[in-house]
Amino acid sequence: MTNRCIYFAGYAYGGSPSQIDFELIAELSRFGDVYAWYDNDDLKPEALARLQNLCAGVHAERHGEYDFGSYKRLYMHYKFLTESYDEFIFTNDSAFPVKTFDALFASRDKDPSPFWCPLLIDQDYTGLDILIDDYFMHLDRFNRNVMYLSSFWCLSKSLYKRAFVRNFFESIKKENTRLAVSENYERGFSRLLWKHGVPCGTFFNRVFLYSCIYNFNATLLVSEGLPFLKKKAVTCEFYLNAHISSQLQSIIRQSDPKFTNLLVEEFK
Amino acid sequence: MAGFSHKLKMLYRYRHIGVLILRNIFLHPLKVLGAVRFRSDAYIQRNPDIARLGKKSFFHYLSMGINENRKMRGAPSHKIKYVNQPSVFDWEGVLDPNYLQDLQKVDRLHVFFNISRDMIGGGMLSIERFTRLSNDFFSDNGNTKTIMSGLPLSCPPLHYSMFKTALPMVHFDWICTHTNPKEIVLFIPEGFVAQFLEETSSAHIDWILSRAHVKCVILNQNNDLMPKPTDFRAGLESLTKDITISTAHKRYCTQQLANDYMYDVTLLTPLLPDMAQLSFEEKDDVILVSPDPLASHVEETTKEKILDQIAARFPHLKQKVVENMSLAKYLDLASRAKYSITFGEGLDGYFIEPVLAKGVAFSVFNGTFFPSSFRKLSSICPDWESFADFVCYHIEHTDKNSLAYRSLSDAAAKEISKLYSLEITLSNMRNLLHGEPKFTPQPYLHRLEEFEDIKNSLRETHGFRFIDARRHNPIAFCPDGQFLRYFENTDHSELTRTYVWEDYDLKLKPNQTYVVLDIGANIGATSCYLNKKHPNIAFTYCYEAIWDIAKLAQMNLEANVDREKYLLKSLVLSDSYCAEHTSPILGSSEIFSDRQIQPTFETETQAGTPSRRTEINYVKALDEFDEVFDSHLDAHFVIKHNYQGDGTVLITELLQSRLLKRLAALVVKVHAENPTSIIQSFEIRGFSVTVDLDEETENVYTLKVARDVGVGW
């Protein structure tokens, strides 16, 4: 049984996480100890109490450094826990849970790679779905906007303790733009992994069209076993989706009963 | 221009209708002429099933109505009704009245698309049998049902007049409007995949996408009809990611097919009909002839010439071409005919069914469809040129000889039984539906047949050979049997240094375990060379900062060194940690202790590699050395360092690291006016040092450092 430490970065609009975010944390807590950092100064007491029931540790402090600011703080604050866990997960509240995470973690447990995440995404990739090894073979990963999905990173203890990982988290600082955050941290960490020759595993062994996790492919990935759906795919924030209604129907049909009603409310 | 291109597109889209109309002009000229009296309203009144076509019913009459003996006017026929969407469906066969109602309640639907044209073909019969199999064995009343639909979607559903079907054909519109299953499996014939995607409307797509799970099976019954991946993959993958190709023939159920299409591939062998098995004495003096034209173009050989030759030799054997007959009539003929000749794909119904009926069938070996075991059969000819003589010879020897006849028939029947049976097809279907494919796509790096072939065939060589590969970089075959891909014009020096000058050739103690650090690995030539030469090298760390070069090193290491014995990192080891995003110009010049070197590096970088954005990652060498040391507590270390830049920084780091106490040997290029202090740093620690001046004007020295006698350079 893998002993997991799950660092959760959140932001509560209006001072309280949504119901489905609580369910997400509850689901994650089935697989490890959750330590949450909310980038809020206004977290309501009842929300805090509820989080404290679900999590091994909860912090709420406004820093304005996005999720990586929360990750940094969690990393620094809980250094003393390094030897207590086999694996460290960095995740956030950017997705709706649709299915239980059993299949996702089962897949993780079968993969010995020190770094693991659901999938590799390239928002500029316009080709046919391609195996990751072939993608790396034919395309220059350092000249493309490709990265491991930053909202769910799994690091084994040995990787977590590496000097370059320590340096990475310690170097996180406030950036002027969201783009800079993406370039330096989301993509930056993936590049560090490649440069250091760290074996990386993924749930999906393919690279899909565009940044599939945000577009019309997102629901298809759920059909193939991904247990969550990015919130931005539902709001079509980056991509227009003419068939979003049908796809959300599909999501409802696939959903685990404990999430179904909440998803219906969210999709309204 | 846009209007013209649209018209062209429409012409192309409906080209199949044009072909049918042309055919009818030749076959039924009077009826085509009679179409001057055509009226859409009268035609639709007479044939309500095509009401949706409206004015286009004229083209329906010309292309299909004539063949189906439809009347242009008069009262509608009550014998057969078709789907008159979206309302009630009626069918001539025995139809469970609850069938349609059940379809609307089901959880899982298997949708088989057959060809919505009233004709008969091997592929169509095969799909019909799969539909029947799914209906009989894989439908359970509560949860799963099977339905047959038709393609193209622009054609109405129909009732086949030449063979019976287990289920009625239901138009896809009706399915999308009236059913609501949680999961669907779409079985689409290979030649119609692209058309299906073209013709699906927004409503169809919405219906498909709103299922909880969609699986698509491409029924590959003839590999020659498979569309190119670029013709359909993008469209299909926007509907589902769960796509499998099923193949009718083992011959193309291959890893290659899976790799070409990037889909799982699995076998789904066709079911064979039950044949009446007549004895030799009961057979009629008939040769059944397939309707196909000659499968391949052959000089001076035509189907007619072959048949004429046989007819001249055996006038008592009546030749009967299979055309315009129902399935039942055809199967009866196939059972009674003494011989059968197929001119088509070979391993088709015209070959198999007569054999199942204890007859003798002749064909020419076709590598696409016949397994190689069929090549040895006496009834399979190797080529078309000798086919006429071949058939005559065997008829001569079996026409009056029941033993010889039976022997020929049984031999073919035995091979066929290895491929086809209900049990085999059931098992195939189960694997298909349960997601257990025979082949899954493999990435290119695992398909290095090119490397393996080359490697195997060149083990005996002793000298270099250089080959320009069609893709990627040229290949050097090395004297020690390894092969390396390299950059033309820039890496000959690396090969020369390694194999000719033997700069990195070292002596090691055979009973000692070593770990190599190849810093500035370039294309990995040194690492490959050392690993080949010294089996007691337990592990090799390669550091190559330029990613383009590191990729080549990766390929070379993959090809020449055991995977468990190396790790490639695209890093610069230096005296501080810094991650830079740079253009070809390097970042912080203070990383290098000798500023003079940098301009050289920039120039060479720009000349040697394409000028584009290059990211160079620097890490602190001391951290890296300590990490390596901790990972190999029992090994001794060998370091080769050859950067474009100065090696002094690295030496400074090395002298502080714990790795130094187990350093066995080191070779490094340094840029120093006077390397004395560096030399002394090693000598006072018990190392022996040899120094070569490489370039006097640049003060470049190669230092070779060794600890023990008998170990080193």
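Residues numbered from 1 in each chain as written. Chains lettered and ligands numbered in written order. Predicted model: local features only at pLDDT ≥ 70, side-chain atom pairs only at ≥ 80, totals over all residues. Heavy atoms only, no water.

### Remarks on the overall build of chain B
Turning to step 1, where the next piece is worked out: Within chain B, the secondary structure is distributed over 26 helices and 24 strands.
Turning to step 2, where the next piece is worked out: Buried residues in chain B amount to 55% of all 713 residues.
Turning to step 3, where the next piece is worked out: In chain B, 72% of the contacts between residues at least 6 apart in sequence involve partners at least 24 apart.
Turning to step 4, where the next piece is worked out: Total accessible area on chain B is roughly 32300 Å²; 52% of this is exposed by carbon and sulfur atoms. (Helix = DSSP H or I, 4+ residues; strand = E, 2+ residues; numbered from the N terminus. Buried < 20%, exposed > 50% of the residue type's maximum accessible area, 1.4 Å probe, protein only. Contact = heavy atoms within 4.5 Å. Areas by Shrake-Rupley, 256 points an atom, 1.4 Å probe, with all protein chains shown as cover.)

### Topic: the environment of His213 of chain B
Turning to step 1, where the next piece is worked out: Tracing the sequence through the fold places His213 of chain B in strand 4 (residues 213–220).
Turning to step 2, where the next piece is worked out: Leaving out residues up to four positions away in the same chain, His213 of chain B has contacts with Ser223 and Glu224 of chain A together with Lys182, Glu183, Ile184 and Asp242 of chain B.

### Quick look at the nonpolar core
Turning to step 1, where the next piece is worked out: Judged by nonpolar contacts, the single largest core of 112 residues is most densely connected at Phe90 and Phe115 of chain A.
Turning to step 2, where the next piece is worked out: For this core, the leading source of residues is helix 22 (residues 547–560) of chain B, giving seven residues.
Turning to step 3, where the next piece is worked out: Filtering out sequence-adjacent residues up to four positions away, Phe90 of chain A remains in contact with Tyr7, Tyr71, Tyr75, Ser151, Phe152, Trp153, Leu155, Tyr160 and Phe169 of chain A. (Core = buried A, V, L, I, M, F, W, Y, C linked by side-chain atoms within 4.5 Å.)

### Overview of the interface of chain A and chain B
Turning to step 1, where the next piece is worked out: Between chain A and chain B, the contact holds 34 residues from the first and 48 residues from the second.
Turning to step 2, where the next piece is worked out: In total, about 3800 Å² of surface goes out of reach between chain A and chain B, with carbon and sulfur atoms giving 53% of it.
Turning to step 3, where the next piece is worked out: In this assembly, chain A and chain B are joined by two salt bridges.
Turning to step 4, where the next piece is worked out: The tally of links from chain A across to chain B stands at 15 residue pairs in polar contact (both at pLDDT 80 or more).
Turning to step 5, where the next piece is worked out: Of all the secondary structure elements, the ones that give two or more residues to the side of chain A that touches chain B are helix 5 (132–138), helix 7 (163–171), helix 8 (178–195), helix 9 (218–223) and helix 11 (244–254) of chain A.
Turning to step 6, where the next piece is worked out: Considering each element in turn, the side of chain A that touches chain B owes the most residues, six residues, to helix 11 of chain A. (Buried area = accessible area lost by both parts, 1.4 Å probe. Salt bridge = Lys/Arg side-chain N within 4 Å of Asp/Glu carboxyl O. Polar contact = N/O pair within 3.5 Å; in protein donor to acceptor, adjacent residues only side chain to side chain.)

### Here's the deal with a nonpolar patch on the surface
Turning to step 1, where the next piece is worked out: A grouping of Leu22, Ile25, Phe26 and Leu27 of chain B is seen on the molecular surface, where their side chains present a nonpolar patch of about 450 Å² in accessible area.
Turning to step 2, where the next piece is worked out: Looking at the secondary structure, you find Phe26 of chain B in helix 2 (residues 15–27). (Patch = residues over 30% accessible without salt bridge, like charges linked within 9 Å, V, L, I, M, F, W, Y side chains within 5 Å.)

### Brief notes about the pairing of strand 9 (residues 337–341) of chain B
Residues and elements named next belong to chain B.
Turning to step 1, where the next piece is worked out: Of all five residues in strand 9, five are buried, a share of seventy percent or more.
Turning to step 2, where the next piece is worked out: Here strand 7 (residues 284–289) runs beside strand 9; their pairing, made up of four bridges, is parallel. By the bridge assignment for strand 9, Val289 is matched with Ile341.
Turning to step 3, where the next piece is worked out: Where strand 9 and strand 10 (residues 360–364) come together, three bridges link them in parallel fashion. For Tyr339, the partnering residue across the bridge sits in strand 10 and is Val360. (Pairing = 2+ DSSP bridges.)

### A few points about unusual backbone geometry
Turning to step 1, where the next piece is worked out: The peptide bond linking Leu151 of chain B to Pro152 of chain B adopts the cis configuration, its omega dihedral lying at 0°.
Turning to step 2, where the next piece is worked out: Mapped onto the secondary structure, Pro152 of chain B falls in the loop between strand 2 (144–151) and helix 8 (172–178).
Turning to step 3, where the next piece is worked out: Even without a glycine there, the phi angle at Tyr66 of chain A is positive, about 60°.
Turning to step 4, where the next piece is worked out: Relative to the elements of secondary structure, Tyr66 of chain A occurs in helix 3 (residues 66–77).
Turning to step 5, where the next piece is worked out: Classification of Tyr66 of chain A as partly exposed rests on a relative accessible area of 37%.
Turning to step 6, where the next piece is worked out: You will see that Asn522 of chain B, though not glycine, has its phi angle at about 55°, which is positive.
Turning to step 7, where the next piece is worked out: Mapped onto the secondary structure, Asn522 of chain B falls in the loop between strand 15 (514–519) and helix 21 (525–533).

### Some thoughts on the pairing of strand 2 (residues 33–38) of chain A
All names here are of chain A.
Turning to step 1, where the next piece is worked out: Within strand 2, five of the six residues are buried, which leaves it mostly tucked inside the rest of the structure.
Turning to step 2, where the next piece is worked out: After leaving strand 1 (residues 4–10), the chain enters helix 1 (residues 19–28) and then returns to the sheet as strand 2, a path that is right-handed.
Turning to step 3, where the next piece is worked out: As defined by bridge partners, strand 2 adjoins strand 3 (residues 57–60) across four bridges and the pair is classed as parallel. In the sheet register, Tyr35 faces strand 3, and the bridge partner there is Gly57.
Turning to step 4, where the next piece is worked out: Following the backbone out of strand 2, through helix 2 (residues 45–54) and into the adjacent parallel strand 3, one traces a crossover that is right-handed. (Right-handed = clockwise from strand over helix to strand, strands pointing away.)

### As for the packing of aromatic side chains
All names here are of chain A.
Turning to step 1, where the next piece is worked out: In the structure shown here, the tally under the stated rule is 73 aromatic pairs over all chains.
Turning to step 2, where the next piece is worked out: Considering the side-chain rings of Tyr125 and Tyr135, the 5.9 Å spacing of their centres and the 80° angle between planes classify their relative orientation as edge-to-face. Linking Tyr125 in the loop between strand 7 (120–122) and strand 8 (130–131) with Tyr135 in helix 5, this pair joins segments that are 10 residues apart in sequence.
Turning to step 3, where the next piece is worked out: Residue classification places Tyr125 among the buried residues on the basis of a relative accessible area of 9%.
Turning to step 4, where the next piece is worked out: Looking at Arg141, its charged tip hangs above the ring of Trp194, at a distance of 5.1 Å from the centre.
Turning to step 5, where the next piece is worked out: The ring of Tyr66 has Arg178 sitting right over it, with the charged end atom 5.1 Å from the ring centre. (Phe/Tyr/Trp six-rings, centres within 6.5 Å; stacked < 30°, edge-to-face > 60°. Lys NZ or Arg CZ within 6 Å of the ring centre and 35° of its normal.)

### Side note on the confidence of the model for chain B
Residues and elements named next belong to chain B.
Turning to step 1, where the next piece is worked out: Scored by pLDDT, chain B has a mean of 79; 77% of the residues are at 70 or more.
Turning to step 2, where the next piece is worked out: When the elements of chain B are averaged for pLDDT, helix 23 (residues 597–608) gives the smallest value, 35, and strand 3 (residues 183–189) the largest, 97.
Turning to step 3, where the next piece is worked out: Overall, residues 76–95 carries pLDDT values under 50, and its contacts beyond four positions in sequence, including any with other chains, amount to 38 contacts.
Turning to step 4, where the next piece is worked out: With pLDDT under 50 throughout, residues 578–613 is counted as low confidence; its partners more than four residues away or in other chains account for 63 contacts.
Turning to step 5, where the next piece is worked out: Among the prediction metrics, the complex's ipTM stands at 0.86, with pTM recorded as 0.68. (pLDDT = per-residue confidence, 0-100.)

### Some points on helix 26 (residues 676–683) of chain B
Turning to step 1, where the next piece is worked out: Every buried residue of helix 26 of chain B is accounted for by Ile678, Ile679, Ser681 and Phe682 of chain B. One face of helix 26 of chain B carries all of its buried residues, which in axial projection span an arc of 155°. (Arc of directions from axis to C-beta.)

### Things to note about the sheet that holds strand 4 of chain B
Residue and element names in this part refer to chain B.
Turning to step 1, where the next piece is worked out: Pairing within the open sheet is parallel, and its six strands lie in the order 2-1-3-4-5-6. Unpaired on one side and paired on the other, strand 2 and strand 6 (264–267) mark the two borders of the sheet. Taking the axes of each pair of neighbouring strands and ignoring which way they run, one obtains an average angle of 25° across the sheet.
Turning to step 2, where the next piece is worked out: Summarising the sheet, strand 1 (residues 108–115) and strand 2 pair through eight bridges and their orientation is parallel. Looking across to strand 2, one finds that Ile115 is bridged to Leu151. (Axes fitted to C-alpha atoms, helices over the stretch in contact; angles between N-to-C directions.)

### Thoughts on the sheet that holds strand 10 of chain B
Residues and elements named next belong to chain B.
Turning to step 1, where the next piece is worked out: Read across the sheet, five strands follow the order 8-7-9-10-11 without closing on themselves; strand pairing throughout is parallel. Taken across any chain shown, the strands that pair with only one partner, and hence form the sheet edges, are strand 8 (318–321) and strand 11 (380–381).
Turning to step 2, where the next piece is worked out: Bridging between strand 10 and strand 11 involves two bridges; their strand directions are parallel. Residue pairing across strands places Ser363 opposite Ile380, the latter belonging to strand 11.
Turning to step 3, where the next piece is worked out: Each of strand 9 and strand 10 is contacted by helix 17 (residues 402–419), which is oriented at about 55° to strand 10, the strand it contacts most.

### Quick look at the pattern of salt bridges
Turning to step 1, where the next piece is worked out: Applying the stated criterion across every chain, the model contains 41 salt bridges over all chains.
Turning to step 2, where the next piece is worked out: With its nearest N and O atoms 2.8 Å apart, the salt bridge here joins Glu83 of chain A to Lys161 of chain A. Here Glu83 of chain A, found in the loop between helix 3 and strand 4 (87–92), pairs with Lys161 of chain A, found in the loop between helix 6 (157–160) and helix 7; they are 78 residues apart in sequence, far enough to count as distant.
Turning to step 3, where the next piece is worked out: Between Arg563 of chain B and Glu558 of chain B there is a salt bridge, with the nearest N and O atoms lying 2.7 Å from each other.

### Some points on the packing of helix 11 of chain A against helix 12 (residues 257–267) of chain A
Residue and element names in this part refer to chain A.
Turning to step 1, where the next piece is worked out: One way to put it is that helix 11 packs onto helix 12 with a least axis distance of 9 Å and a crossing angle of 165°. Overall, the two elements helix 11 and helix 12 adopt an arrangement that is roughly antiparallel. Here helix 11 runs over helix 12; the crossing is right-handed. Of the residues in helix 12, those in contact with Leu248, Ile251 and Ile252 of helix 11 are Thr260, Leu263, Val264 and Phe267. (Parallel < 35°, antiparallel > 145°, perpendicular 65-115°, else oblique. Left-handed = near helix turned anticlockwise from the far one by under 90°.)

### Some remarks on the environment of Val628 of chain B
Residues and elements named next belong to chain B.
Turning to step 1, where the next piece is worked out: Its location among the elements puts Val628 in helix 24 (residues 621–631).
Turning to step 2, where the next piece is worked out: What makes Val628 buried here is its relative accessible area of 2%.
Turning to step 3, where the next piece is worked out: Measuring from C-alpha to C-alpha, the distance between Val628 and Leu517 comes to 9.1 Å, with 111 residues separating the pair along the chain.

### A word on the side chain of Arg141 of chain A
Turning to step 1, where the next piece is worked out: Summarising the element assignment, Arg141 of chain A is placed in the loop between helix 5 and strand 9 (146–148).
Turning to step 2, where the next piece is worked out: The side chain of Arg141 of chain A is buried and forms no salt bridge, while Asp140 of chain A, the nearest opposite charge, is found at 6.3 Å.
Turning to step 3, where the next piece is worked out: Leave out the neighbours within four places in its chain, and Arg141 of chain A touches Phe136, Val146 and Trp194 of chain A together with Trp547 of chain B. (Lys, Arg positive; Asp, Glu negative; His and termini not counted.)

### Re helix 13 (residues 303–313) of chain B
All names here are of chain B.
Turning to step 1, where the next piece is worked out: Residues of helix 13 that are buried include every one of Lys303, Ile306, Leu307 and Ile310, and no others. Viewed end-on, helix 13 has its buried residues packed into an arc of 90°, placing them on one side of the element. Turned more than 90 degrees from where helix 13 packs its buried face, Glu304, Asp308 and Ala312 sit exposed.
Turning to step 2, where the next piece is worked out: Its buried side turned inward, helix 13 meets strand 7, strand 8, strand 9 and helix 16 (387–398).

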